[in-house]
Amino acid sequence: MVELLRDAVIDRRKVRLTYAGRERSERLVDPWGLVDKDDVWYLVAGTAKGRRTFRVDRIVSATPTGDPADRPSDLELAEVWQEVVEEKEKRRSLLSADVVLERRYFGVFQGRFGRHCELVAELPGDRVRARVSAPKPIMIAQELAGWGALVEVEGPESVQAELARLGAELVARYAPERRE
């Protein structure tokens, strides 16, 4: 499939795809380029609805039409791919939580959350406020739980509730009086 799509990109020929996304669909695309990210291939293409990205392993069939493909003359695939990644990250990171911790831990903390962590404010007492993001409260809580009392979650309540739930589960399973 990658070779067929690569040839269509090079030859600048439209391709009719059958794609198994959320539901199976057929689309006529103008292939712009292929990107390999973590051993997964993606096709970046123009469609009647604008730019789209397709996971190649979800393409059920692809048939070159022989018709010339439209490709923006100023297209820089690396720039387009960066936009795709940024858009995906924005959709994934729908929820944010504010966390307070000692400044000396911030580098390690940020390393755990990567681009989903930002320094919001310097606070008195050599502390900082950071904002972390993930799609769901449980995802933030699972990452924060390991920090224990080193972090204070200011909100939202949904993340605090998940932390409390996780804490109760751990106490129920591992508290010394429970193991006797």
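The sections below set out a description of the structure shown in this document. Every chain's residues receive numbers from 1 upward, in the order its sequence appears when written. pLDDT decides what is reported in this predicted model: residues at 70 or higher carry local features, side-chain atom pairs at 80 or more are listed and counted, and totals for whole chains, interfaces and linings draw on all residues regardless. Each side-chain value is worked out from all heavy atoms of the structure, with water and hydrogens disregarded.

1. Notes on the side chain of Asp-30
Phase 1 of the analysis: Helix and strand assignments come from DSSP, with helices taken as H or I runs of at least 4 residues and strands as E runs of at least 2, each series counted from the N terminus. Its location among the elements puts Asp-30 in strand β2 (residues 24–37).
Phase 2 of the analysis: Any residue under 20% of the maximum accessible area for its type is buried, any over 50% is exposed, and the rest in between are partly exposed; the area is computed with a 1.4 Å probe on protein chains only. Residue Asp-30 is classed as buried on the basis of its relative accessible area, which comes to 10%.
Phase 3 of the analysis: Contact between two residues is taken to exist if any of their heavy atoms lie within 4.5 Å; hydrogens are not considered. Dropping the residues within four chain positions of it, Asp-30 is found in contact with Lys-14, Val-44, Ala-45, Gly-46, Pro-68, Ala-69 and Asp-70.

2. Some points on the nonpolar core
Phase 1 of the analysis: Throughout, nonpolar core names a set of buried Ala, Val, Leu, Ile, Met, Phe, Trp, Tyr and Cys residues whose side chains join them through atoms within 4.5 Å. Membership of the largest hydrophobic core comes to 18 residues, with the highest contact counts inside it found for Val-99, Phe-109, Val-132, Ile-140 and Leu-144.
Phase 2 of the analysis: When contributions to this core are tallied by element, the ones reaching two or more residues are β6 (95–102), α3 (106–113), β8 (127–134), α4 (137–145) and β9 (151–155).
Phase 3 of the analysis: Sequence-distant contacts of Val-99, defined by excluding residues within four places in its chain, comprise Phe-109, Val-128, Arg-129, Ala-130, Val-132, Leu-144, Val-151, Glu-152 and Val-153.
Phase 4 of the analysis: Counting 14 residues, the second largest nonpolar core, distinct from the first, contains Leu-5, Val-9, Leu-34 and Ala-62.

3. Quick word on the sheet that holds strand β7 (residues 117–123)
Phase 1 of the analysis: The rule for pairing is simple: two strands pair if DSSP sees at least two bridges between them. Read across the sheet, four strands follow the order β7-β8-β6-β9 without closing on themselves; strand pairing throughout is antiparallel. Single-partner strands in this sheet number two, and they are β7 and β9. Put simply, the sheet's adjacent strands are angled 30° from each other on average, direction ignored.
Phase 2 of the analysis: Two elements, β6 and β9, share four bridges in a ladder whose sense is antiparallel. If you follow Leu-101 over to β9, its bridge partner there is Val-151.
Phase 3 of the analysis: Where helices are involved, their axes are fitted lines through C-alpha atoms of the stretch in contact, as for all axes, and angles between N-to-C directions lie from 0 to 180°. Sheet strands touched by α4: β6, β8 and β9. Its angle to β6, the strand with the most contacts, is close to 20°.

4. Notes on the pattern of salt bridges
Phase 1 of the analysis: The term salt bridge refers to a side-chain nitrogen of Lys or Arg lying within 4 Å of a carboxyl oxygen of Asp or Glu. Counted by the stated rule, this structure contains 13 salt bridges.
Phase 2 of the analysis: A salt bridge links Arg-103 to Glu-122; the nearest nitrogen and oxygen atoms lie 2.9 Å apart. Of the two residues, Arg-103 sits in the loop between β6 and α3 while Glu-122 sits in strand β7, which places them 19 residues apart along the sequence.
Phase 3 of the analysis: In this structure Arg-103 comes out as partly exposed when scored by relative accessible area, which is 31%.
Phase 4 of the analysis: Two residues, Arg-127 and Glu-152, come together in a salt bridge whose shortest N-O distance is 3.7 Å. Taken as a pair, Arg-127 in strand β8 and Glu-152 in strand β9 lie far apart in primary sequence, 25 residues in all.
Phase 5 of the analysis: Using a relative accessible area of 34% as the deciding quantity, one classes Arg-127 as partly exposed.
Phase 6 of the analysis: The network of salt bridges with common partners includes Glu-162, Arg-165 and Glu-169.

From the geometry alone we can't say anything about function, so treat these as descriptive.
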